[in-house]
Amino acid sequence: MATGGEPDYRWDVFISCHPNQLSYVLRVLTQALESIGLRVYLYERDSEPGAPIADNIFNAATMSRKTIVCFTSDYLDSEWNLYEAMAAHGVKPSGGRMVPLQLLSCEIPQKYQLVCQLDCTDRLHRMYFWRKLLGALGIPDSSDIATQLNIDYPGGGLDMLSKAIPDLIPVHDVIPDPPRRSEPTESREQPQQRGNNGTHR
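Since the structure is predicted, the reported quantities are computational estimates derived from the model, not experimental observations.

Reading guide: rules and limits
Residues numbered from 1 in each chain as written. Predicted model: local features only at pLDDT ≥ 70, side-chain atom pairs only at ≥ 80, totals over all residues. Heavy atoms only, no water. Helix = DSSP H or I, 4+ residues; strand = E, 2+ residues; numbered from the N terminus. Contact = heavy atoms within 4.5 Å. Areas by Shrake-Rupley, 256 points an atom, 1.4 Å probe, with all protein chains shown as cover. Salt bridge = Lys/Arg side-chain N within 4 Å of Asp/Glu carboxyl O. Buried < 20%, exposed > 50% of the residue type's maximum accessible area, 1.4 Å probe, protein only. Core = buried A, V, L, I, M, F, W, Y, C linked by side-chain atoms within 4.5 Å. Phe/Tyr/Trp six-rings, centres within 6.5 Å; stacked < 30°, edge-to-face > 60°.

**Focus: the overall build of the protein chain**
Then comes step 1: Each helix and strand counted, the protein chain has 9 helices and 5 strands in total.
Then comes step 2: The order of α-helices and β-strands along the protein chain, N terminus first, is β-α-β-α-α-β-α-α-β-β-α-α-α-α.
Then comes step 3: Here the analysis covers contacts within the protein chain between residues at least 6 apart in sequence; of these, 68% occur between residues at least 24 apart.
Then comes step 4: Only carbon and sulfur atoms are counted for the fraction: they give 50% of the accessible area of the protein chain, which is about 11,800 Å².

In structure tokens form, the structure reads like this:
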């Protein structure tokens, strides 16, 4: 969704989140933004198999018009998530490309506080969630769109974050787990060789 004088980005928005909040991001943020025609990049869904993790993240940040960073305590404890935030912030440190969401209560690092945040723990921010988010994403004439999204996902659907996990879409229903390796049939006396499971993000 490039506009005049703007580079033709491959993605409209890269959503950076911790796996513990992925169900909410898939069910609400991604579905809502894709329903209005935005091209959304999610690492878990859209990363290129075989490419280095760091390259996938850097390319997502540089090839997306905006990056939504979903800050939570889980996110701040993850080295890969912090790399995603750093990549998004480094594209244009003065702001404009990074949209920080304080999804749950946490202490956002000072360097990311130079950009206005959408504080999802604040009642007024939740009330105007879609209007503020669409405005930050640069969606023109978004008032009617925000009104419809607020009907479909009241208050940004943020109440889902406090519900039990069974109420959400389980991650494995959207991103299938790799098939399990068959257990060796040799007797216990036989030496068993197991392959390396690889490095996970």
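**Remarks on the environment of Pro7**
Then comes step 1: Relative to the helices and strands, Pro7 is located in the segment before strand S1 (11-16).
Then comes step 2: Along the backbone, Pro7 and Met63 are 56 residues apart, and their C-alpha atoms lie at a distance of 9.3 Å.

**A look at the pattern of salt bridges**
Side chains that carry opposite charge are capable of pairing whenever their charged atoms lie near each other.
Then comes step 1: Evaluated as defined, the whole model comprises 5 salt bridges.
Then comes step 2: Notably, a salt bridge pairs Arg39 with Asp12, separated by 3.2 Å at the nearest N-O pair. Remark: Asp12 occurs in strand S1 and Arg39 occurs in the loop between helix H1 (22-35) and strand S2 (40-42); sequence separation between them is 27 residues.
Then comes step 3: Counted as one network, the salt bridges with shared partners bring together Asp12, Arg39 and Arg65.

**Here's the deal with the side chain of His89**
Then comes step 1: When you line up the elements, His89 lands in helix H5 (residues 79-91).
Then comes step 2: The exposure class assigned to His89 is buried, which follows from its relative accessible area of 14%.
Then comes step 3: Among all residues touching His89, those that are not within four sequence positions of it are Met98, Lys111 and Tyr112.

**Comments concerning unusual backbone geometry**
Then comes step 1: The backbone phi angle of Asp141 is positive, close to 50°, even though this residue is not glycine.
Then comes step 2: Relative to the assigned elements, Asp141 resides in the loop between helix H7 (129-136) and helix H8 (143-152).
Then comes step 3: Here Asp141 falls in the exposed class, since its relative accessible area comes to 76%.

**Some words on the nonpolar core**
Then comes step 1: Formed by 32 residues in total, the largest nonpolar core has its most connected members in Ile15, Leu29, Ile68, Leu101, Phe129, Trp130 and Leu133.
Then comes step 2: Elements represented by at least two residues in this core include exactly S1, H1, S2, strand S3 (64-71), strand S4 (98-102), H7 and H8.
Then comes step 3: Non-local contacts of Leu133, meaning those with residues more than four positions away in its chain, are made with Leu29, Ile68, Val99, Leu101 and Leu118.

**Looking at the packing of aromatic side chains**
Then comes step 1: By the definition in use, this model includes 7 aromatic pairs.
Then comes step 2: Relative to Tyr83, the ring of Trp80 has its centre 6.1 Å away and its plane inclined at 90°; by these criteria the two rings are edge-to-face. Of this pair, Trp80 and Tyr83 both sit in helix H5, separated by 3 residues, roughly a single helical turn.
Then comes step 3: According to the relative accessible area criterion, Trp80 is partly exposed, its value standing at 29%.
Then comes step 4: A relative accessible area of 25% means that Tyr83 is categorised as partly exposed.
Then comes step 5: Three or more aromatic residues link up through ring pairs in this structure, and these residues are Trp11, Phe14 and Tyr41.

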